[in-house]
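Per-entry structural report
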Amino acid sequence: MDKHDLMILDIVQQHKREQQEHIRLATLERNFWKRIEGDVTLSVGQARIGERITRLYLDGLIQNKSGYMLTKKGREALNVEADSLVHVA
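Residues numbered from 1 in each chain as written. Predicted model: local features only at pLDDT ≥ 70, side-chain atom pairs only at ≥ 80, totals over all residues. Heavy atoms only, no water.

This part is about the pattern of salt bridges. The final tally for this structure, using the stated rule, is five salt bridges. A salt bridge links Asp 5 to Arg 55; the shortest N-O distance between them is 3.3 Å. Residue Asp 5 is found in helix 1 (residues 3-19), and its partner Arg 55 is found in helix 4 (residues 49-58); the two are separated by 50 residues along the sequence. Given the relative accessible area of 3%, Asp 5 is considered buried. (Salt bridge = Lys/Arg side-chain N within 4 Å of Asp/Glu carboxyl O. Helix = DSSP H or I, 4+ residues; strand = E, 2+ residues; numbered from the N terminus. Buried < 20%, exposed > 50% of the residue type's maximum accessible area, 1.4 Å probe, protein only.)

Okay, the nonpolar core next. Within the largest apolar cluster, 20 residues are counted, with the highest numbers of intra-cluster contacts made by Ile 8, Leu 9, Leu 28, Phe 32, Ile 53 and Ile 62. At six residues, the largest contribution of residues to this core is made by helix 1. (Core = buried A, V, L, I, M, F, W, Y, C linked by side-chain atoms within 4.5 Å.)

Those residues of helix 4 that fall on the buried side of the exposure criterion are Ile 49, Arg 52, Ile 53 and Leu 56. The arc enclosing the buried residues of helix 4, seen along the axis, measures out at 95°, which places them on a common side. (Arc of directions from axis to C-beta.)

The values are spatial; any link to function lies outside them.
This is the structure:
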């Protein structure tokens, strides 16, 4: 899992927190592209958002029930990564 996978998890979590609903695929993709548009190290081909979402789903980090949401495993993974970033800084 890289920083862009974590970004997807963060987008899902943030949407749930702010909107009190699961995020739709189109909204998830739009928010992802908005966040990475200034990232010159990632090309469109490298982003492969569909593959990233599929991998997160197959790894049990997100689920799709009338929109995407984090699973318990996804929330834990996001929290662990966030904690490790805080300790590094």
